[in-house]
Amino acid sequence: MEQIILSLAIVMLLGVLCIKCFSKLGVPAFLGFLLIGILLGPYATNILNIEFMGLTQEIATMAMVILLIRAGLGLSRDSLRKVGRVAVEMSCIPSVFEGLLVMIVGHYFLGISFIESGMLGFILAAVSPAILVPRMLNLIDKGLGTKKGIPEILLTGSSADDVVAITIFSVFLGMYTGGNINIVWSIASIPISLILGVLTGFVTGLILLYAFRRWDFSDIEKLFVTLATGILLNSLGEALQGRIPLAGLVGVMVIGFLLLDRMPKVALGLSNRYSNLWIVAEIVIFVLLGAQLELPLLIETPEGLFAPVIIVGILVICMGLIARFGGVFMALAGSGLNNKEKIFCMTSYIPKANVQATIGAVPLAAGVASGELILAISAISIIFTAPLGALLIDFFNDKLLTKDEDLDNSKSIEVPTN
């Protein structure tokens, strides 16, 4: 335990220093966190405690809960009403396009079976909430693209996008391992899980609203209660996996949305606290991601490949992203967005990080023949797309999106009394 605490202390100290240094350079701080992880990890100095690194999945889950509650606290009823249909299409069309093209390309470029490349395709098909969500909330604060609900489209679409990608990945994994997989039911379970996630989050949110009105909770107590509730809701979804499809993380976001809709003052205070909490979560999760990147494997040229893994991997990833761009363009048809805004949405769907780190090693653990190759390309997708996507979002947001001139007026009236 002492070694875990020591590793955490080192990570937090270097992370805070990294924020200070990178903010002066105008570079996203998470790039520094990844670098810290690589330097402290087993392929460099090997300073981080192995038990601490073993907590990656648990910490990633908590980070996702923090992010999605915070995302829900930034979604208003009016904005969701405007983007409903488009957000639903953005949640499935781009990821399916990307996953299927990678499945085809991976088969021929990597020399693996269609089922194995299908697993790879839908690991890569999940967008990263850790990169996307904070930036979309920042756009909402600035009023960029809010008149057409662009940040809201990307927030809601990306949260369900992960559910779609992970569900289809599990279908391919089951097909490979010989499990009793009903493909029709597996595909049908995607909308069912989303609907049940929304309903469960709504009911849970109503219970929290009742509790907050009935008893006098301090702001910090409300933070702990909502965070614990979000973790429990996500755990419920995981516990029911294979029996009842339930997208727990979607329900987590619904809790935040309901709090903003019914108790705006409480939601505003919680949003600020979750923003501070995310600073800690972001440092730890990205350092752990960096520590787990297997760098030696990336420069190898396994038998059957025409170039090192990193070159072939980037080629496969880029082709998948082109398919994703096509899916985004199709999903936004009839949305009223102009070409600049559509291009921004395409670039916002580039980054991949926490989902790939979480499930990228699953095929290897399950005994899939190409498990090491799938893990390596999952790592490449993080190294390549996370910085690229974040930099493009930050660089182009004020160049491709229009500022809502009514933002200041709306902010002055948006928080009524409870």
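What this report covers is the structure whose coordinates are included nearby.

About the cut-offs
Residues numbered from 1 in each chain as written. Predicted model: local features only at pLDDT ≥ 70, side-chain atom pairs only at ≥ 80, totals over all residues. Heavy atoms only, no water. Salt bridge = Lys/Arg side-chain N within 4 Å of Asp/Glu carboxyl O. Helix = DSSP H or I, 4+ residues; strand = E, 2+ residues; numbered from the N terminus. Buried < 20%, exposed > 50% of the residue type's maximum accessible area, 1.4 Å probe, protein only. Contact = heavy atoms within 4.5 Å. Core = buried A, V, L, I, M, F, W, Y, C linked by side-chain atoms within 4.5 Å. Phe/Tyr/Trp six-rings, centres within 6.5 Å; stacked < 30°, edge-to-face > 60°. Lys NZ or Arg CZ within 6 Å of the ring centre and 35° of its normal.

1. So, the pattern of salt bridges
Line of reasoning, step 1. As enumerated under the stated definition, the model contains 8 salt bridges in all.
Line of reasoning, step 2. We note a salt bridge from R85 to E89, for which the minimum N-O separation is 3.0 Å. Within this pair, R85 and its partner E89 are both found in helix α5 (residues 77–110), separated by 4 residues, close to a single helical turn.
Line of reasoning, step 3. Overall, E89 belongs to the partly exposed group, its relative accessible area being 23%.

2. With respect to the side chain of Q356
Line of reasoning, step 1. Looking at where Q356 falls in the secondary structure, it is placed in helix α16 (residues 354–359).
Line of reasoning, step 2. The residues contacting Q356, other than those within four sequence positions of it, are I123, L124, A126, S378, S381 and I382.

3. A word on the environment of L110
Line of reasoning, step 1. Within the fold, L110 resides in helix α5.
Line of reasoning, step 2. Residue classification places L110 among the buried residues on the basis of a relative accessible area of 7%.
Line of reasoning, step 3. Separated by 192 residues in the primary sequence, L110 and P302 place their C-alpha atoms 9.6 Å from one another.
Line of reasoning, step 4. Once residues within four sequence positions are removed from consideration, L110 is found in contact with V105, L120, L305, V312, L373 and I377.

4. Some thoughts on the nonpolar core
Line of reasoning, step 1. Counting 86 residues, the largest nonpolar core has F30, M90, L154, F286 and F344 as the members making the most contacts within it.
Line of reasoning, step 2. When residues in this core are grouped by element, the largest group, 14 residues, is from helix α12 (residues 264–291).
Line of reasoning, step 3. Ranked by size, the runner-up nonpolar core spans 42 residues in total, among them M119, A126, L321 and A376.

5. A closer look at the environment of V309
Line of reasoning, step 1. Turning to its location among the elements, V309 is positioned in helix α14 (residues 309–331).
Line of reasoning, step 2. Overall, the relative accessible area of 1% leaves V309 in the buried class.
Line of reasoning, step 3. C-alpha of V309 to C-alpha of I377: the two residues are 68 residues apart in sequence and 7.4 Å apart in space.

6. Focus on the packing of aromatic side chains
Line of reasoning, step 1. Summed over the entire model, instances satisfying the criterion amount to 5 aromatic pairs.
Line of reasoning, step 2. With a centroid separation of 5.4 Å and 75° between ring planes, the pair formed by F212 and F217 is classed as edge-to-face.
Line of reasoning, step 3. Residue classification places F217 among the partly exposed positions, given a relative accessible area of 23%.
Line of reasoning, step 4. Relative to F396, the ring of F395 lies with its centre 4.9 Å away and its plane at 80°, an arrangement referred to as edge-to-face.
Line of reasoning, step 5. For F395, a relative accessible area of 47% puts it in the partly exposed group.
Line of reasoning, step 6. Here the basic side chain of K222 rests over the ring of F212, its NZ or CZ set 5.9 Å away from the ring centre.
Line of reasoning, step 7. The lysine or arginine in question, K342, covers the ring of F329, its NZ or CZ lying 4.8 Å from the ring centre.

In short, geometric facts, not functional conclusions.
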